[in-house]
Amino acid sequence: MGEKWGWRKWGFMVFFGIMLLHITAILLFTRGFLLTRTELSQYSQCSDVSESPCLSPEYQNPELNEEEDDSDDEHCCRHHHRNQNQTVNPDIQAQSCWTKPAVDRIVIIILDALRFDFVAPSSFFEERKPWMDKLPVLHKLASKPGLAAKIFKAIADPPTTSLQRLKGLTTGGLPTFIDVGNSFGAPAIIEDNLIYQLAQNGKRVVMMGDDTWVQLFPHHFHTSYPFPSFNVKDLHTVDNGCIEHLVPALYKQDWDVLIAHFLGVDHAGHILGVDSLLMTEKLEQYNGVLENVVEVLESMSGPGGLHENTMLLVMGDHGQTINGDHGGGSAEEVETALFALSLKNSSSSLPCEFESSSCQLEKEKKRISISSIYQLDFAATVSALLGLPIPFGSIGRVDPELYGLAAGTGEPRILGLNDRSDSGFEEWMKSYVNVLCINSWQVKRYMDAYSASSTIGFSQKDLLHVSELYTRAQEMWSQNIKSSLLCNTKSCNTLSSAIMNQIDAYSDFLATVAGLARSKWTEFNIRIMSIGLCLMVASLFTHVYAIKRLDNLFGLYFTHPGNSGISFMAVFAYTIVLIRASSFLSNSYILEEGKVASFLLATTGILQLQYAIVKKKMVLEGLAFILLVPMLKLGIELGQAKQAVNSLFLKFQPSWTLGILRDSQVLMHVVEIMPLLGLILLACMLYKCILCGALKGILKYVVSGTIFNYVLIALIWASDSDLLSLPMVLEAFKGNLIPRIVYASSLLQLLSLAIFQILSRETGSGQEESTVYKALAMLSSWSSTVILLSGKQGPLVALSSVIAGWCVIKLTRFKQDSDSCCTEDSSFYSFPVVQWSLLATSLFFCTGHWCAFDGLRYAAAFIGFDEFNLIRQAVLLALDTFGFSHILPILGLPLLVALLHSRRKAKQGNNLFPIQLCQVYLMYGLIMAVSVTFTILCVTIQRRHLMVWGLFAPKFVFDVVGLILSDFFICLASLYYLV
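From a predicted model like this one, the values you see are computed outputs, not experimental measurements.

Novice: Mind showing me how you'd approach the overall build of the chain here?
Specialist: On a plain count of helices and strands, the chain comes out with 35 helices and 11 strands. Here the contacts in the chain between residues at least 6 apart in sequence split such that 79% fall between residues at least 24 apart. For the chain, the exposed area adds up to about 38500 Å²; of that, 60% sits on carbon and sulfur atoms.

So, in structure tokens, the structure goes:
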């Protein structure tokens with residue numbers, strides 16, 4: 001007994017040591033791979049502009065340039081030197097900083113997760129969708145002649161989480177991938193940003209809505225009305241708070257910038273998706289709000305009015321998929337909208353070189369033009385409009401069309417080459433080229449500071465290229481442009497074409513810097529990454545060594561007279577693992593990972609079916625397994641279409657993917673009833689186990705508790721159904737009480753099993769049978785919570801996993817009984833363990849998940865709760881994401897060993913079950929570790945790939961979290977089943 005306890009303890013220590021090795025390797029690799037860019041401590045100051053080669057605001061102000069006419073350029077130059085020494089009007093100096101202010105006040109209304117097709121007229125798309133044309137007030141304004149209003153397609157940089165986008169919008173920098181982890185607990189922004197510059201330069205900022213703003217900027221707002229933002233089931237609290245304070249604030253004079261951040265569209269998408277009545281209602285509500293806002297602004301926009309020179313910006317921070325998700329880099333997620341309206345009356349026009357518009361007729365046959373803008377340019381453009389310093393870390397460009405709406409261009413009429421004599425055009429060109437000069441100087445200053453302070457920075461070749469572009473642009477500025485801007489246009493030659501060339505030179509420089517940052521922003525520490533990769537490889541050898549050590553220990557107790565070499569099935573299993581792991585080196589295979597796993601699972605099933613047909617036994621089980629795989633693949637297909645099982649079972653709406661019509665009552669009832677039938681079948685299976693008398697004591701009560709939980713879950717779903725006409729008494733089951741009872745019951749069940757394990761010690765006799773009952777109780781304890789979080793797909797997925805697992809065990813047992821040379825070492829178990837692993841992977845994708853942050857079902861984290869708690873919601877989200885694919889397969893793995901080992905127990909004469917169980921867990925962990933090692937190798941090789949942050953990095957994060965979670969539950973399982 002002492003010897004058995006010794007090696008069992010050794011087994012747990014091996015699992016724990018491997019987990020620590022994995023954690024160390026992953027932390028080191030993450031430290032080298034997911035480094036954030038260096039955040040510099042410098043802040044832009046008003047006085048900094050004197051160091052630039054550009055014109056400061058006093059020279060841009062016409063009051064200071066109204067001098068007597070000069071006869072030639074030489075006199076203009078003397079005039080320039082004279083102005084440099086004159087005293088600046090302190091009133092003008094107080095009103096401006098880096099550029100001449102173009103607007104006095106700005107109203108920024110952010111509609112979270114605003115898709116581009118929510119704003120753009122349906123005429124811009126091939127097919128009209130139900131959610132289009134729900135914001136007609138914006139169409140009316142954008143098509144109204146004589147009004148400076150325009151719609152833009154705003155393009156964000158992934159990842160498209162709200163925190164990332166707000167940080168990018170206010171700093172003017174590109175997002176860093178590692179900040180995704182802070183989306184549920186946003187830290188204050190410490191680098192230079194637009195909100196800081198507003199507060200620092202005396203601008204009063206009023207904020208209302210999403211409380212993420214006060215987390216990012218805790219001390220910058222003059223007045224704030226924050227509302228909790230992470231309860232995705234709450235569609236109205238934040239929006240109603242904004243509505244309550246928004247319109248009254250427009251009548252007040254105590255602000256310069258007003259920010260209202262609505263969340264209803266984002267939450268409606270998470271709950272029901274884009275194609276839902278709830279989404280339509282939210283958009284129509286927003287249209288009413290915007291109508292009221294515009295009415296108030298226009299009523300006070302006359303000469304001397306409060307909003308005479310106010311600008312309205314209505315924008316999204318990111319888009320969302322049809323399924324309501326966001327976080328990735330797909331076109332639906334990165335494309336949002338921006339609507340701009342300037343209330344200042346002006347008459348000049350924008351030159352055609354800066355127009356990027358596509359024009360269509362909207363529903364009322366009025367012409368609307370839509371341009372494009374990068375969100376990267378937002379901070380620089382707004383800073384220029386308000387005359388503020390551009391944030392030090394901004395690499396964006398002042399957008400000519402957005403800047404032109406307020407900076408003297410008025411209605412966006414296009415000027416052609418023959419209209420260059422227009423005085424408004426001349427003024428706009430002079431203003432904008434100087435703004436771009438300051439913009440380029442700031443970006444060059446930041447690039448120099450970043451390269452000097454950062455550990456790695458940009459390559460010398462890239463920096464040299466950027467410097468050459470900037471130097472060339474500055475030479476043009478000094479030689480041809482600067483002096484002409486200081487001359488009175490009546491006496492100095494107009495240099496329209498030269499100014500256009502100058503603007504092109506600055507724009508080329510800024511575009512090059514942005515492209516360089518997008519491609520090489522992250523600093524990779526190859527040395528630390530290599531150490532992490534080497535430790536992962538070392539963990540593989542540790543697994544192999546431990547498996548072979550147990551093989552040798554197995555040989556001491558039991559020697560089989562047959563062939564002890566590696567079987568064909570084992571070689572085939574190892575090949576399957578390597579094929580799947582190697583596929584991660586291709587971005588296409590990562591995108592199709594679920595299909596690859598299901599294909600390999602089907603391949604193993606075909607091999608077993610062929611063997612069963614030859615032996616003329618177990619053919620039914622083989623066929624059942626083969627037919628089950630396409631059902632899993634169907635779920636994977638739906639999940640990859642992002643319209644997945646969520647639409648069919650979570651949202652009470654039939655999926656268009658299956659062609660189910662909403663008015664088809666029969667099919668709708670089938671969709672509603674199938675999950676309930678699944679729960680009934682699962683409950684019947686557990687009840688049958690109780691009736692057979694095998695479960696006794698605590699285990700019996702634990703399983704009975706699970707049946708009770710199934711009943712509660714069925715009542716919740718029945719009460720939510722709109723189709724099943726059930727008694728009104730079921731209304732009592734709606735709300736948070738029942739889910740909390742299920743959670744509490746599950747925790748009580750797990751606590752009971754822990755007490756049972758402490759009080760009972762199994763010896764060699766009957767240990768396999770006892771393990772089966774313990775595994776059944778453990779799986780049932782977890783299943784109710786996992787099924788509840790998974791939604792109405794849960795029971796069907798659970799049934800599929802039970803059937804598939806049973807087929808694997810039956811077919812492997814048949815192989816075991818048929819092969820007289822079969823031994824139960826690692827070679828024998830390799831094939832069923834690989835099947836178990838492939839089944840677990842298929843279940844991950846079958847449940848509607850994928851390796852991207854928009855594949856997380858955030859709504860599951862709030863089942864049973866309305867308020868946000870980071871730890872609680874993280875646990876629930878992890879259970880929903882990894883419950884069927886990681887937790888339950890690991891806890892159910894002893895069934896494979898116990899049911900197979902008991903068949904030959906009598907022949908062995910020794911109880912080797914614990915040895916084989918340790919060995920199987922090591923093999924399962926090895927398969928997981930091989931996959932993660934290849935994922936790490938993949939992201940190392942592809943670290944400069946275009947899709948590194950949109951595809952490879954999310955895959956890395958999901959895989960390493962899954963590995964650590966698997967290691968943790970393997971350790972717990974070893975304590976429960978072995979110690």
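What follows continues from the structure just given.
Novice: Looking at this structure, I do not really get the environment of threonine 940. What am I missing?
Specialist: With respect to the element layout, threonine 940 can be found in helix 34 (residues 913-941). Its relative accessible area of 16% is what places threonine 940 among the buried residues. Sequence-distant contacts of threonine 940, defined by excluding residues within four places in its chain, comprise Phe29 and Met529. Among the polar contacts listed, one links the side chain of threonine 940 to the backbone oxygen of isoleucine 936, at a separation of 2.7 Å.

Novice: Would you take a moment to explain the packing of aromatic side chains for this structure?
Specialist: When we look at a pair of aromatic rings, we describe it by the centre distance and by the angle of the planes. Summed over the entire model, instances satisfying the criterion amount to 28 aromatic pairs. Residues phenylalanine 572 and phenylalanine 831 carry aromatic rings whose centres are separated by 6.3 Å and whose planes lie at 35 degrees to one another, so their mutual orientation is tilted. Of the two residues, phenylalanine 572 is situated in helix 21 (residues 568-582) and phenylalanine 831 in helix 31 (residues 826-846); the sequence distance between them amounts to 259 residues. Seen in terms of ring centroids, phenylalanine 828 and tyrosine 829 are 5.0 Å apart; in terms of plane orientation they differ by 75 degrees. Their pairing is edge-to-face. Its relative accessible area of 10% is what places phenylalanine 828 among the buried residues. By relative accessible area, which is 0% here, tyrosine 829 ends up buried. Through pairs of rings, three or more aromatic residues link up here, namely Phe844, Phe845, Phe882 and Phe958. Sitting above the plane of the tyrosine 976 ring, lysine 774 keeps its charged end 5.0 Å from the centroid.

Novice: Explain the state of the cysteines to me, please; I cannot follow it from the model alone.
Specialist: Inspection of every chain in the model, using the stated rule, returns 2 disulfides. The side chain of cysteine 46 participates in a disulfide bridge whose partner is cysteine 97; the two sulfur atoms lie 1.7 Å from each other. Of note, the bridge from cysteine 46 to cysteine 97 carries an S-S torsion of about -135 degrees and is left-handed in sense. On the criterion of sequence distance, the pair formed by cysteine 46 in the loop between helix 1 (2-33) and helix 2 (57-60) and cysteine 97 in the loop between helix 5 (90-95) and strand 1 (105-111) is long-range, its members being 51 residues apart. The class of cysteine 97 is buried, set by a relative accessible area of 9%. Covalently, cysteine 54 is tied to cysteine 437 through a disulfide, its sulfur atoms 2.0 Å apart. Torsion about the S-S bond of the cysteine 54 and cysteine 437 cystine: about -85 degrees, corresponding to left-handed handedness.

Novice: Looking at this structure, I do not really get the packing of helix 7 (residues 136-143) against helix 13 (residues 277-299). What am I missing?
Specialist: The contact between helix 7 and helix 13 brings their axes to 8 Å, and the two run at 40 degrees. One way to sum up the angle between helix 7 and helix 13 is to call them oblique. Counting all contacts with helix 7, which are made through Pro136, Val137, Leu138 and Leu141, the residues of helix 13 involved are Asn287, Leu290, Glu291, Val294 and Glu298. Grouping the amino acids of the contact of helix 7 with helix 13 by side-chain chemistry returns 6 nonpolar, 1 polar and 2 charged.

Novice: For this particular structure, what's the right way to read the pairing of strand 6 (residues 310-315)?
Specialist: When you tally the buried positions in strand 6, you get 6 out of 6 residues, the bulk of the element. Side chains of strand 6 alternate between two faces, with Thr310, Leu312 and Val314 and Met311, Leu313 and Met315 buried alike. Relative to strand 6, strand 1 runs parallel, the two being bridged by 6 bridges. Following the sheet pairing, isoleucine 106 is matched in strand 6 by methionine 311. As judged from the 5 bridges shared by strand 6 and strand 7 (residues 335-342), these two strands associate in the antiparallel manner. Pairing of leucine 312 across the sheet is with leucine 341, part of strand 7.

Novice: Would you explain the packing of helix 27 (residues 698-720) against helix 28 (residues 737-759) in this entry?
Specialist: The relative placement of two packed helices comes down to the angle between their axes together with the axis-to-axis distance. Running from N to C, helix 27 and helix 28 point in directions that differ by 170 degrees, and their axes come no closer than 10 Å. For the element pair helix 27 / helix 28, the angle class is roughly antiparallel. Crossing of helix 27 over helix 28 shows left-handed handedness. Of helix 28, the residues touching helix 27 (which contributes Ile698, Leu699, Val702, Gly705, Thr706, Asn709, Leu712, Ile713 and Ile716) are Ile738, Pro739, Ile741, Val742, Ser745, Ser746, Gln749, Ser752, Leu753 and Phe756. Of the residues assigned to the contact of helix 27 with helix 28, the class counts are 12 nonpolar, 7 polar and no charged.

Novice: Would you mind showing me how to read unusual backbone geometry here?
Specialist: Comment: phi is negative for the bulk of residues other than glycine, and the bulk of peptide bonds are trans. With a phi angle near 60 degrees, alanine 113 is a residue other than glycine that sits in the positive phi range. Considering the arrangement of structural elements, one finds alanine 113 in the loop between strand 1 and helix 6 (116-119). Exposure remark for alanine 113: the relative accessible area of 0% places this residue in the buried category. Residue methionine 618 is not a glycine yet carries a positive backbone phi of 60 degrees.

Novice: Can you help me understand a nonpolar patch on the surface in this one?
Specialist: A grouping of Leu748, Leu751, Ile755, Ile758 and Leu759 is seen on the molecular surface, where their side chains present a nonpolar patch of about 550 Å² in accessible area. Tracing the sequence through the fold places leucine 759 in helix 28.

Novice: Which parts of the structure should I look at to understand the side chain of serine 784?
Specialist: Mapped onto the elements of the fold, serine 784 is located in helix 29 (residues 767-790). Reaching out from serine 784, the side chain makes a polar contact with the side chain of serine 746 at a distance of 3.1 Å. Residues in contact with serine 784, not counting those within four places in the same chain, are Asn709, Tyr710, Ile713, Val742, Ser746 and Gln749.

Novice: Please clarify how the environment of cysteine 918 should be interpreted in this entry.
Specialist: Position of cysteine 918 relative to the elements: it lies in helix 34. Under the relative-accessibility criterion, cysteine 918 is labelled buried at 1%. Cysteine 918 sits 904 residues away from valine 14 along the chain, and the two C-alpha atoms are 9.7 Å apart.

Novice: It is not clear to me how the pattern of salt bridges should be interpreted in this structure. Could you clarify?
Specialist: Think of it this way: side chains of opposite charge can pair up when their charged atoms draw near. What the rule picks out here adds up to 18 salt bridges. Between glutamate 401 and lysine 150 there is a salt bridge whose closest N-O contact spans 2.9 Å. Of the two residues, glutamate 401 sits in helix 16 (residues 400-406) while lysine 150 sits in strand 2 (residues 148-155), which places them 251 residues apart along the sequence. Among the residues examined, glutamate 401 registers a relative accessible area of 5% and is labelled buried. Note that arginine 204 is salt-bridged to aspartate 256, the shortest N-O span being 3.2 Å. One end of the pair, arginine 204, is in the loop between helix 9 (194-200) and strand 3 (205-210); the other, aspartate 256, is in the loop between helix 11 (237-250) and strand 5 (257-262), and 52 residues separate them in sequence. Judged by its relative accessible area of 30%, arginine 204 is partly exposed. A single network of salt bridges, built from pairs that share partners, joins Arg580, Glu593, Lys955 and Asp959.

Novice: I'm lost on the nonpolar core in this one. Help?
Specialist: As a rule of thumb, nonpolar side chains are buried together in soluble globular proteins. Residues Phe33, Tyr921 and Phe956 are the most contacted members of the largest nonpolar core, which totals 151 residues. Here this core gets 18 residues from one element, more than from any other, and that element is helix 34. With residues up to four places along the chain from it excluded, the contact list for phenylalanine 956 reads Phe29, Thr30, Phe33, Leu34, Thr935, Ile936 and Val939. Leu40, Phe221, Ile259 and Ala473 belong to the second-largest nonpolar core, a separate cluster that totals 86 residues.

Novice: I keep staring at the pairing of strand 2 and nothing clicks. Help me out?
Specialist: Two faces make up the sheet, and in a regular strand the side chains alternate between them. Burial runs high along strand 2: 6 of the 8 residues are buried. Two strands pair when backbone bridges link them, and strand 2 and strand 7 are joined in this way by 8 bridges, in the antiparallel orientation. When the bridges of strand 7 are listed, alanine 154 appears paired with threonine 336. The pairing of strand 2 with strand 10 (residues 367-374) spans 5 bridges and is parallel. Within strand 10, the residue paired with lysine 153 across the bridge is serine 372.

Novice: Would you mind showing me how to read helix 15 (residues 378-386) here?
Specialist: Since the α-helix packs 3.6 residues into each turn, any two residues three or four apart lie on the same face. The buried fraction of helix 15 amounts to 9 of the 9 residues, a majority that puts the element mostly inside the structure. Among the residues making up helix 15, those that are buried are Phe378, Ala379, Ala380, Thr381, Val382, Ser383, Ala384, Leu385 and Leu386. Backbone geometry just after helix 15 places glycine 387 at a positive phi near 75 degrees.

Conventions adopted
Residues numbered from 1 in each chain as written. Predicted model: local features only at pLDDT ≥ 70, side-chain atom pairs only at ≥ 80, totals over all residues. Heavy atoms only, no water. Helix = DSSP H or I, 4+ residues; strand = E, 2+ residues; numbered from the N terminus. Contact = heavy atoms within 4.5 Å. Areas by Shrake-Rupley, 256 points an atom, 1.4 Å probe, with all protein chains shown as cover. Buried < 20%, exposed > 50% of the residue type's maximum accessible area, 1.4 Å probe, protein only. Polar contact = N/O pair within 3.5 Å; in protein donor to acceptor, adjacent residues only side chain to side chain. Phe/Tyr/Trp six-rings, centres within 6.5 Å; stacked < 30°, edge-to-face > 60°. Lys NZ or Arg CZ within 6 Å of the ring centre and 35° of its normal. Disulfide = S-S within 2.5 Å. Axes fitted to C-alpha atoms, helices over the stretch in contact; angles between N-to-C directions. Parallel < 35°, antiparallel > 145°, perpendicular 65-115°, else oblique. Nonpolar A, V, L, I, M, F, W, Y, C, P; charged D, E, K, R; others polar. Pairing = 2+ DSSP bridges. Left-handed = near helix turned anticlockwise from the far one by under 90°. Patch = residues over 30% accessible without salt bridge, like charges linked within 9 Å, V, L, I, M, F, W, Y side chains within 5 Å. Salt bridge = Lys/Arg side-chain N within 4 Å of Asp/Glu carboxyl O. Core = buried A, V, L, I, M, F, W, Y, C linked by side-chain atoms within 4.5 Å.

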